[in-house]
Amino acid sequence: MAGRSPVDRGLSGGLRAWLDDELAEAAGKAAGGTPLVVDRWSLHGTPPVVADLGRPLAITGAAARQALVRVLFRQLVVTGRIDQPFDDAVAGLRLSAWGGAVVDVVASLPPAARATLRREVTAAGRAMAADLPALPPSWLPRTTARRSAPLAGGAVVLRATASLALGQPADERASVCLVDVRAGEPLDEHRHDRRYLALVETLCAGAPPCRVATYYPRHGHLETDDPTDEDLASAVTTVVAAVRGRAGATGAEAPVVVM
Amino acid sequence: MSGQGLCGRGIDPQALPRSAALTDLLLGGAGHGAGGGVDREGLARELERHLCSARLPQRVRVTGYLLRTVLGPPRPPTPWRPLGPFRWSPAAVRRAVGLRGVRSCVEAGGGAPATAVRGTVEELVAEGRRGLGRPGGLPTWLSTLATPALAVVEAEAATWATQLWSAIEWPRLGADVQVGDADAAWVAPAARVRVSGRVDVRVPRPVGGPALLTMLPGHPTVVSRAELGLAALAAALGGRPPRGGGGALPALVVGWWPESGRALALPVDGALLEETAGAVARVVTSMAGTSLADR
C-alpha cells in the first residue's frame, strides 16, 4: 500500500470539467437526442464488432477469438480452473450477452479456420491457467467490470469494460487495479486503451486506478502502467478528437461499437 | 447529472471513500415517510381509473426497466433481443444470486462476496438437483448448466454482489438492515397492471421511515426519479409490505449506479408519488394496443 499514490481529490472533477467544456459543442451536433457513446474501439476507428440496429452483426475471426479468450479468463478467475479450453469457452460464451452471435459465427467457420481458432484458444487457456495465480477473494475480484461516464449533460457517454478489476474502492490512496485481456499481439494502441480505461475509472470512481495492465496470454506477457496525470490528459485529448470526429462525420447514424 | 438536475441529493463527486458518502446519504436527510401527507387512497383510485381507461388486452408489469425503455432517453441502437418471454440468463440471475451473497456477508458480519456467491450458487444447484425447485425456477435452471456456463452466472453475480458490498459501510446501518426480499408491488387487478419496485437494501432509521436502496445499471437519466419512485409508490398505495420489513412507509429512496459512481436520494413526498404515478400512467397508455403487453 505504501507505494500507491495519494488521491488528488480535485483531479476527477477537473478532468470532467475539461471534457464537459471540450465536448459541449460536438455533443450539440449529435442528432435526435441519442447519446454519443464512446468506447475504446471507437477511439481507434476500427471496431472488431459493429452493431447496427436491424442489421446482422459483423464479427471478425479476431473478435471471436477475443471473446472466447475473455470468457475463459473469466471462468479461470471465478473457478480457478479450465478443463477443455475451447469447449469451455464456447459453452460459457453461449450464455453470455452477445455471445450467441459469436458462437454462431464460430460454428459457421470453415473447418480449417475453426481448427486454427480452437488451437489458439486452447493455447491461450493453457497459458492463462499457468500464468494466473488464484486470486484471494479479499481482493474483491470483479470480472467484466463496466464503467459508464456521462458527460456534457448526458449527450456523450464514455464506456469502458475491464476484464478484471481488483481492490477496494479508493480512499486516501489509489487502490484499484484494472486488467485488460488481449488475445492477440501487443499493439501500440493498447497503451491508449489503458489510458482510456484509467480515465473512465477516474471519472466514475473519483480516483484513478493505481495500475492498469494489458495481459497477453499468447505470450504470457503483461504490460503495466501506473497512470499519471499526463496519461489521463492524453486520454482526454484522444476522447475529444474521437468525439469531434464522430459527431462531425456521422452524427447519430454512426455505428455503435459493442463488446 | 450529479443528481441536482433530478431534484434529489447526490454525493459529492470528490467524496472518498464513496461508501461513506453513500452511507451518509442513506442515514441522513429527513424524508417525509408516509407519503408527505398525500391522499394515498385518492391517488390509488385515480391511478387505477386512468390505468383502466387504457383497456390493456393483457397484463402488464410496470418495472424500472420498462420505465427506462419506454420513457427514457433514446438509446444507441443495440442488437439486444426485443422484449420477449422471460428466459433465465446470467444477467437475469445476477441480482437474485448477488443479493443472497451480500445477505450472507451482512449476517456473518464480513467476508468476501465472491465466496458467498459461490456458496449460494452451490446451494441453488443442489436444490435443483434434489428436485426442490419449481419447474422453470432458478435452482432448476442452474442445475442444468455445465461448469463453464455456471462460471458465467457466478461471475456476473459475484461482480454484482461485490459492487453492492463495497458501496456501503455496513456496520453503520445496524443489525436490522434488510438485504433483499424488500421489493414492493401494487396490483390494480381491474386494469391488469402490476407496479413493481425493486429494493435491494432496506435501512431502518431512528427517525422517520426507512430508506430504500436500489442498485441500477449505467448512470442516472431523466427517468431515474420515477424509477426510484416505483417502490415508494407501490408501498404507499397499499401494496404488500416487504417480507419481515414491518409496515412503515419509506421516507427516502436512494439509487446507486456503481458503474458511474453516482447516487441519487429522493424524499418520499407527495410530489414524488404523483410524479411516479404519472409516469406509470404514461407507460401503460403508451403500451395499450402494442405487443409490449404481458411482457
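Nothing here was measured: the structure is a model prediction, and the numbers come from that model. (Residues numbered from 1 in each chain as written. Chains lettered and ligands numbered in written order. Predicted model: local features only at pLDDT ≥ 70, side-chain atom pairs only at ≥ 80, totals over all residues. Heavy atoms only, no water.)

1. So, empty space enclosed by the protein
It is a probe the size of a water molecule, rolled over the atoms, that shows where empty space is left. Enumeration over the complete set of coordinates arrives at four cavities of 30 Å³ or more. What the largest cavity holds in volume is close to 410 Å³. Looking at the largest cavity, it is lined by 29 residues, and the ones nearest its centre are Arg142, Arg147, Pro169 and Glu201 of chain A together with Pro258 of chain B. Taken together, the residues that form the lining of the largest cavity break down as 17 nonpolar, seven polar and five charged. Among the domains, domain 1 (9–80 + 175–290) and domain 2 (90–167) of chain B are the pair contributing at least three residues each to the lining of the largest cavity. (1 Å grid on protein atoms, 1.4 Å probe; cavity = no way out; pocket = protein on both sides within 12 Å on 5 of 7 lines; lining within 4 Å. Points joined across faces, edges and corners; volume = space filled by probe spheres on them. Nonpolar A, V, L, I, M, F, W, Y, C, P; charged D, E, K, R; others polar. Domains from an automatic or database assignment.)

2. So, the packing of helix α3 (residues 64–71) of chain B against helix α9 (residues 270–287) of chain B
Residues and elements named next belong to chain B. Closest axis-to-axis distance for the α3/α9 pair is 10 Å, and the angle between their directions is 65 degrees. Comparing their axes, α9 and α3 come out roughly perpendicular. Between α3 and α9 lies a crossing of left-handed hand. The residues of α9 that touch α3, namely those facing Leu66, Leu67, Val70 and Leu71, are Ala279, Arg282, Val283, Ser286 and Met287. Among the residues forming the contact of α3 with α9, the class breakdown is seven nonpolar, one polar and one charged. (Axes fitted to C-alpha atoms, helices over the stretch in contact; angles between N-to-C directions. Helix = DSSP H or I, 4+ residues; strand = E, 2+ residues; numbered from the N terminus. Parallel < 35°, antiparallel > 145°, perpendicular 65-115°, else oblique. Left-handed = near helix turned anticlockwise from the far one by under 90°. Contact = heavy atoms within 4.5 Å.)

3. Some words on helix α7 (residues 189–205) of chain A
Turn by turn, an α-helix covers 3.6 residues, leaving residues three or four places apart pointing in a common direction. All names here are of chain A. For α7, with 17 residues, the first-to-last C-alpha span of 24 Å sits near the 24 Å given by 1.5 Å per residue. Counting buried positions along α7 yields 14 of 17 residues, so the element is predominantly enclosed. Once α7 ends, the next one or two residues include glycine 206, with phi positive near 85 degrees. (Expected span 1.5 Å × (residues − 1). Buried < 20%, exposed > 50% of the residue type's maximum accessible area, 1.4 Å probe, protein only.)

4. Let's talk about the sheet that holds strand β3 (residues 184–188) of chain B
Residues and elements named next belong to chain B. Here three strands make up an open sheet; going across it, the order is β1-β4-β3 and the pairing mixed. For this open sheet the edge positions go to β1 (60–62) and β3, each flanked by a neighbour on one side alone. Between one strand axis and the next, the sheet turns by 20 degrees as a mean value, whatever way the strands run. Across the sheet, helix α2 (residues 40–53) touches β3 and β4 (193–197), and the angle it forms with β3 is around 60 degrees. (Pairing = 2+ DSSP bridges.)

5. Section: the interface of chain B and chain A
In this assembly, 40 residues from chain B lie in contact with 46 residues from chain A. Taking both partners together, chain B and chain A bury about 3600 Å²; carbon and sulfur atoms supply 63% of that area. Viewed at the interface, chain A and chain B are joined by two salt bridges. The partner of arginine 74 of chain A in a salt bridge is glutamate 156 of chain B, and the shortest N-O contact between them spans 3.1 Å. Those elements that provide at least two residues to the side of chain B that touches chain A are α4 (90–108), α5 (113–129) and α7 (147–165) of chain B. The greatest single-element share of the side of chain B that touches chain A, amounting to ten residues, is contributed by α7 of chain B. Residue composition of the side of chain B that touches chain A, grouped by class: 22 nonpolar, ten polar and eight charged. (Buried area = accessible area lost by both parts, 1.4 Å probe. Salt bridge = Lys/Arg side-chain N within 4 Å of Asp/Glu carboxyl O.)

6. A few points about the domain arrangement of chain B
All names here are of chain B. Taken domain by domain, chain B consists of domain 1 (9–80 + 175–290) and domain 2 (90–167). Across the contact, 16 residues belong to domain 1 and ten residues belong to domain 2. Of the roughly 1100 Å² buried between domain 1 and domain 2, counting both surfaces, carbon and sulfur atoms make up 63%. On the domain 1 side of the contact with domain 2, Val179, Asp200 and Met215 bury the most area, a combined 48% of that side's loss. Where arginine 95 meets aspartate 183, a salt bridge forms, and the shortest distance between an N and an O atom there is 2.9 Å. At the junction of domain 1 with domain 2, the criterion picks out four residue pairs in polar contact (both at pLDDT 80 or more). For the side of domain 1 that touches domain 2, the leading source of residues is helix α1 (residues 18–27), giving three residues. Of the residues contributing to the side of domain 1 that touches domain 2, the split by class is nine nonpolar, two polar and five charged. (Polar contact = N/O pair within 3.5 Å; in protein donor to acceptor, adjacent residues only side chain to side chain.)

7. Section: the confidence of the model for chain A
Residues and elements named next belong to chain A. In the predicted model, chain A carries a mean pLDDT of 85, and 85% of its residues have values of at least 70. In this model, residues 46–56 is a region of pLDDT below 50 whose contacts with residues beyond four sequence positions or in other chains number 27 contacts. The low-confidence segment residues 250–259 (pLDDT under 50) makes 24 contacts with residues lying over four places distant or belonging to another chain. (pLDDT = per-residue confidence, 0-100.)

8. Quick notes on α5 of chain B
Residues and elements named next belong to chain B. With 17 residues, α5 ought to run about 24 Å at 1.5 Å a step, and its terminal C-alpha atoms sit 24 Å apart, in line with that. Looking at the buried positions of α5, the neighbouring elements they touch are α4, α6 (138–143) and α7. Directly after α5, the chain includes glycine 131, whose backbone phi takes a positive value near 75 degrees.

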